[in-house]
Amino acid sequence: MKIAFYDTKPYDRIWFEPGARQLDFSIKFHEVKLNEDTAVLAKDCDAVCVFVNDEVNKNTIDVLCQLGVKAVLLRCAGFNNVDLKAAKDRIHVLRVPSYSPEGVAEYTIALLLCANRKIHRAYTRTRDFNFNIHGLMGIDLHDKTVGIIGTGKIGQMVMDILRGLKMKIIAYDPCPDPSLCVEYVSLEKLFCCSHVITLHCPLTKETEYIINRDTIGKMRDGVILINTSRGRLIDTKALIEALDKKKFLGVGLDVYEEEDAFFFEDKSNEIVTDEDLVRLTSYPNVIITSHQGFFTKEAMEAISTITLENALELSLGKKLTNEITA
Ligand code: NAD
């Protein structure tokens, strides 16, 4: 099995090379992302291995199919960057459905605590020997209401941790899980009652811009908003407008709707011209990180193991456990 590996970072090699050697797979690592122009690099390969910001649209899939590539191996859970309709009956799409939801949940809480208590600002202040705490005040989370949007694997783990903080938990999910000890409410109620709102739903047509001018308007003043799911769940322009009006006590973002051009890359020597990103990073009550919620040792181990198992099933002509179809 020959795999063209796109958007390679040093840590990908560390985790994928030993597993590939064991299975006698050959991996060609490319630093570029997959798109319709770079798809040719997969010539003579059986599969491409891609991450969250590779563009697996119809044009890319057309090129891959012309080259005889048999599968797209997503080394992530989300697949909003893949045109599944274009892939149907032409190329297999396999993913890693779960790889340490615990890690993403823990990271969500880290962002919440940081956005609330302004730890990101305290860190830079004390490094500069500025020991003033003015502007760093947060709220007690104890007894406050947290609204969870999406009670799947990560949402459930987040709830488990928040119970330890003695927060009151309410949730919205179109497919409520009756086995969970949580009060499901309408989105409307979740928006108006929550002191903290955290997003754990996938990006779909229904959830795109679920946080918009209208829904932000329904939220309490001084709400804390956390997004570790996908950037396009939030209409950034509406968020900025509301931040300007001092709507939020804190905002923690691990994802951004235009992240493809920036996240996972070092842009520190460049002039960043994305005005929304620049504006967002300028707010003292906003913390942005570049899609690192998944990034734990355990998750990387699971991602490499499951991705290579997916490739192995393909090469042996076995049933594809983690195939996704339109
Ligand atoms: P999951 O599939 O287990 O759960 C998603 C839940 O969202 C499901 O319960 C589903 O019913 C619900 N949902 C679907 N449509 C909804 C809607 N319109 N409103 C509210 N809820 C809705 O997924 P998961 O493993 O918990 O992951 C959640 C998301 O986290 C993923 O889709 C992915 O975008 C994101 N993620 C981010 C990172 C990171 O590094 N930041 C890592 C992994 C996953």
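Definitions and limits used
- Residues numbered from 1 in each chain as written.
- Predicted model: local features only at pLDDT ≥ 70, side-chain atom pairs only at ≥ 80, totals over all residues.
- Heavy atoms only, no water.
- Pairing = 2+ DSSP bridges.
- Helix = DSSP H or I, 4+ residues; strand = E, 2+ residues; numbered from the N terminus.
- Axes fitted to C-alpha atoms, helices over the stretch in contact; angles between N-to-C directions.
- Contact = heavy atoms within 4.5 Å.
- Salt bridge = Lys/Arg side-chain N within 4 Å of Asp/Glu carboxyl O.
- Buried < 20%, exposed > 50% of the residue type's maximum accessible area, 1.4 Å probe, protein only.
- Parallel < 35°, antiparallel > 145°, perpendicular 65-115°, else oblique.
- Left-handed = near helix turned anticlockwise from the far one by under 90°.
- Nonpolar A, V, L, I, M, F, W, Y, C, P; charged D, E, K, R; others polar.
- Patch = residues over 30% accessible without salt bridge, like charges linked within 9 Å, V, L, I, M, F, W, Y side chains within 5 Å.
- Areas by Shrake-Rupley, 256 points an atom, 1.4 Å probe, with all protein chains shown as cover.
- Lys, Arg positive; Asp, Glu negative; His and termini not counted.
- Charge placed at Lys NZ, Arg CZ, Asp CG, Glu CD.

Chemist: Explain the sheet that holds strand 4 (residues 71-74) to me, please; I cannot follow it from the model alone.
Modeler: Each strand in a sheet pairs with another by means of backbone hydrogen bonds, the pair being arranged parallel or else antiparallel. Spatial ordering of the open sheet is given by 2-1-3-4-5, a layout of 5 strands whose pairing is parallel. A strand with exactly one partner marks an edge of an open sheet, and here the two such strands are strand 2 (26-29) and strand 5 (92-94). Strand-to-strand twist across the sheet, computed as the mean angle between neighbouring axes with direction ignored, equals 20°. Examined bridge by bridge, strand 1 (residues 2-5) and strand 2 share 4 bridges and lie parallel to one another. Bridge pairing in strand 2 places Ile3 opposite Ile27. Strand contacts of helix 1 (residues 10-23): strand 1 and strand 2, with the helix running at about 160° to strand 2, the strand carrying the most contacts.

Chemist: Help me understand the pattern of salt bridges, please; the structure alone is not making it clear to me.
Modeler: A side chain of one charge can pair with a side chain of the opposite charge when the charged atoms of the two come close. Scanning the entire structure with this criterion turns up 21 salt bridges. Across the pair Arg90 and Asp62 runs a salt bridge whose closest N-O atoms are separated by 2.9 Å. One end of the pair, Arg90, is in the loop between helix 3 (84-87) and strand 5; the other, Asp62, is in helix 2 (residues 58-66), with 28 residues separating them in the sequence. Take Arg90: its relative accessible area is 40%, and that puts it in the partly exposed class. Owing to a relative accessible area of 18%, Asp62 belongs among the buried residues under this scheme. Note that Lys267 is salt-bridged to Glu270, the shortest N-O span being 3.9 Å.

Chemist: Would you mind going over the packing of helix 4 (residues 101-117) against helix 6 (residues 153-164) with me for this structure?
Modeler: It is the contact of helix 4 with helix 6, at a shortest axis distance of 8 Å, that shows an interaxial angle of 55°. Here helix 4 lies oblique to helix 6, going by the angle between them. Handedness of the crossing formed by helix 4 with helix 6: right-handed. Residues Pro101, Glu102, Val104, Ala105, Glu106, Thr108, Ile109 and Leu112 of helix 4 form the contact with helix 6, whose participating residues are Lys153, Ile154, Met157, Val158, Ile161 and Leu162. Residues belonging to the contact of helix 4 with helix 6 are distributed by class as follows: 10 nonpolar, 1 polar and 3 charged.

Chemist: Before we go on, may I ask you to explain the environment of Asp260 in this structure?
Modeler: The residue Asp260 is located in the loop between strand 11 (248-253) and helix 10 (275-282) in this model. Judged by relative accessible area, which is 35%, Asp260 ranks as partly exposed. Separated by 227 residues in the primary sequence, Asp260 and Lys33 place their C-alpha atoms 9.6 Å from one another. When residues no more than four places from it in sequence are discounted, the contact partners of Asp260 are Lys33 and Asn53.

Chemist: Please clarify how a negative patch on the surface should be interpreted in this entry.
Modeler: Side chains of Glu36, Asp37, Glu55, Glu258 and Asp260 sit close together on the surface and give a patch of like negative charge. In this fold, Glu36 is placed in the loop between strand 2 and strand 3 (47-50).

Chemist: Please explain the side chain of Thr289 as it appears in this structure.
Modeler: On the secondary structure map, Thr289 appears in the loop between strand 12 (286-288) and helix 11 (297-315). Overall, the relative accessible area of 14% leaves Thr289 in the buried class. Discounting residues that sit within four places of it in the chain, Thr289 has contacts with Tyr107, Leu111, Leu253, Asp254, Val255 and Phe263.

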